[in-house]
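# Summary of structural features
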Amino acid sequence: HGFFLKRNLDLLPDLLLKEMSDFRLRQAAKAMEQDIKFINEFKNRSKLMSSMAEEYYRLFNSIICSLDMAKSVGYFTAECTKFVDQAMFAANKALQLAASMLVSSGKTVKITDVVDLNAFFRYNESYFHLFLRDSVTLNTDIENDLPLVKGDKILLRDVFSGLIKNAVESIAQDGTVSII
């Protein structure tokens with residue numbers, strides 16, 4: 001009995017070490033399993049968010065284009081055009097948010113049209129006025145022979161809106177922003 005007990009006691013550290021390492025391996029495997037499950041859930045949520053953002057982008061772009069077309073044919077009165085421009089402004093903000101969500105998910109949506117710049121400035125002039133202070137005026141004395149360009153109307157509007165905002169911020173008090 002003494003030899004058997006001595007032999008088992010000699011093996012005990014190895015057995016304990018093996019049991020501990022098996023336990024740690026099981027713990028690590030469980031943790032890895034949970035990590036993989038979390039990653040898969042995250043991927044599924046990310047795909048869902050990406051497809052929702054894409055859908056919102058298309059929806060808000062459609063709303064803006066529809067309002068823009070209605071404005072271009074003179075469907076609204078002058079008073080109503082102000083409210084339409086405010087709705088377009090809000091839809092544009094929502095569109096930008098959806099575009100940001102798409103960019104963060106690694107996707108982009110490109111909508112390109114042929115844009116008549118003359119018509120573009122005519123129909124967006126009241127929209128651009130939303131970015132002005134009371135003491136700043138907007139002069140859009142644009143030639144009528146501007147070229148047709150291919151691009152995204154919303155992004156083009158964002159570019160000019162940004163330029164107008166920057167110009168307004170750089171004017172100390174009274175002044176005029178001119179697009180010529």
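Whatever comes next refers back to the structure up there.
Throughout what follows, the structure given in this document is the object of discussion.

How each quantity is defined
Residues numbered from 1 in each chain as written. Predicted model: local features only at pLDDT ≥ 70, side-chain atom pairs only at ≥ 80, totals over all residues. Heavy atoms only, no water. Helix = DSSP H or I, 4+ residues; strand = E, 2+ residues; numbered from the N terminus. Expected span 1.5 Å × (residues − 1). Buried < 20%, exposed > 50% of the residue type's maximum accessible area, 1.4 Å probe, protein only. Core = buried A, V, L, I, M, F, W, Y, C linked by side-chain atoms within 4.5 Å. Contact = heavy atoms within 4.5 Å. Phe/Tyr/Trp six-rings, centres within 6.5 Å; stacked < 30°, edge-to-face > 60°. Lys NZ or Arg CZ within 6 Å of the ring centre and 35° of its normal. Axes fitted to C-alpha atoms, helices over the stretch in contact; angles between N-to-C directions. Parallel < 35°, antiparallel > 145°, perpendicular 65-115°, else oblique. Polar contact = N/O pair within 3.5 Å; in protein donor to acceptor, adjacent residues only side chain to side chain.

## Description of helix H2 (residues 78-104)
With 27 residues, H2 should cover 39 Å at 1.5 Å per step; its first-to-last C-alpha distance of 39 Å lies within 8% of that length. Residues of H2 that are buried: Thr-81, Val-84, Asp-85, Met-88, Ala-91, Asn-92, Leu-95, Ala-98 and Leu-102. Within two residues after H2, Gly-106 carries a phi angle of roughly 90 degrees, on the positive side.

## Digging into helix H4 (residues 153-170)
A rise of 1.5 Å per residue sets the reference length of H4, with its 18 residues, at 26 Å; its end C-alpha atoms lie 26 Å apart and thus fit the reference within 8%. Taken residue by residue, H4 has Ile-154, Leu-156, Arg-157, Asp-158, Phe-160, Ser-161, Ile-164 and Val-168 as its buried positions.

## A few points about the nonpolar core
If you look at the biggest cluster of nonpolar residues, it comprises 18 residues, and the most contacted ones within it are Phe-120, Phe-121, Phe-128, Leu-138, Ile-164 and Val-177. Residue assignment for this core shows that the elements contributing at least two residues are helix H3 (117-129), strand E2 (136-139) and H4. Among the elements that make up this core, the one with the highest residue count is H3 (five residues). Beyond its immediate stretch of four places on either side in the chain, Val-177 contacts Val-136, Thr-137, Leu-138, Asn-139, Ile-164, Ala-167, Val-168 and Ile-171. In this structure, Ala-53, Tyr-57, Leu-67 and Val-84 belong to the second largest nonpolar core, which totals eleven residues.

## Quick word on the packing of aromatic side chains
According to the stated counting rule, one finds eight aromatic pairs in the structure shown. Taken together, the ring pairs in this structure connect Phe-120, Phe-121, Tyr-127, Phe-128, Phe-131 and Phe-160 into an aromatic cluster. Its end group placed over the ring of Tyr-127, Arg-157 keeps NZ or CZ at 4.9 Å from the ring centre.

## What to know about the packing of H2 against H4
The interhelical angle for the contact between H2 and H4, taken along N-to-C directions, is 105 degrees, at an axis separation of 12 Å. Comparing the axis directions of H2 and H4 gives the class roughly perpendicular. Here Met-88, Asn-92, Lys-93, Leu-95 and Gln-96 of H2 come into contact with H4, specifically with Ile-154, Arg-157, Asp-158 and Lys-165.

## What about the side chain of Asn-124?
Mapping Asn-124 onto the fold places it in helix H3. According to the relative accessible area criterion, Asn-124 is buried, its value standing at 1%. Of note is the side chain of Asn-124, whose polar atom sits 2.8 Å from the backbone oxygen of Phe-120. Not counting chain neighbours up to four residues away, the residues in contact with Asn-124 comprise Asp-68, Lys-71 and Arg-157.

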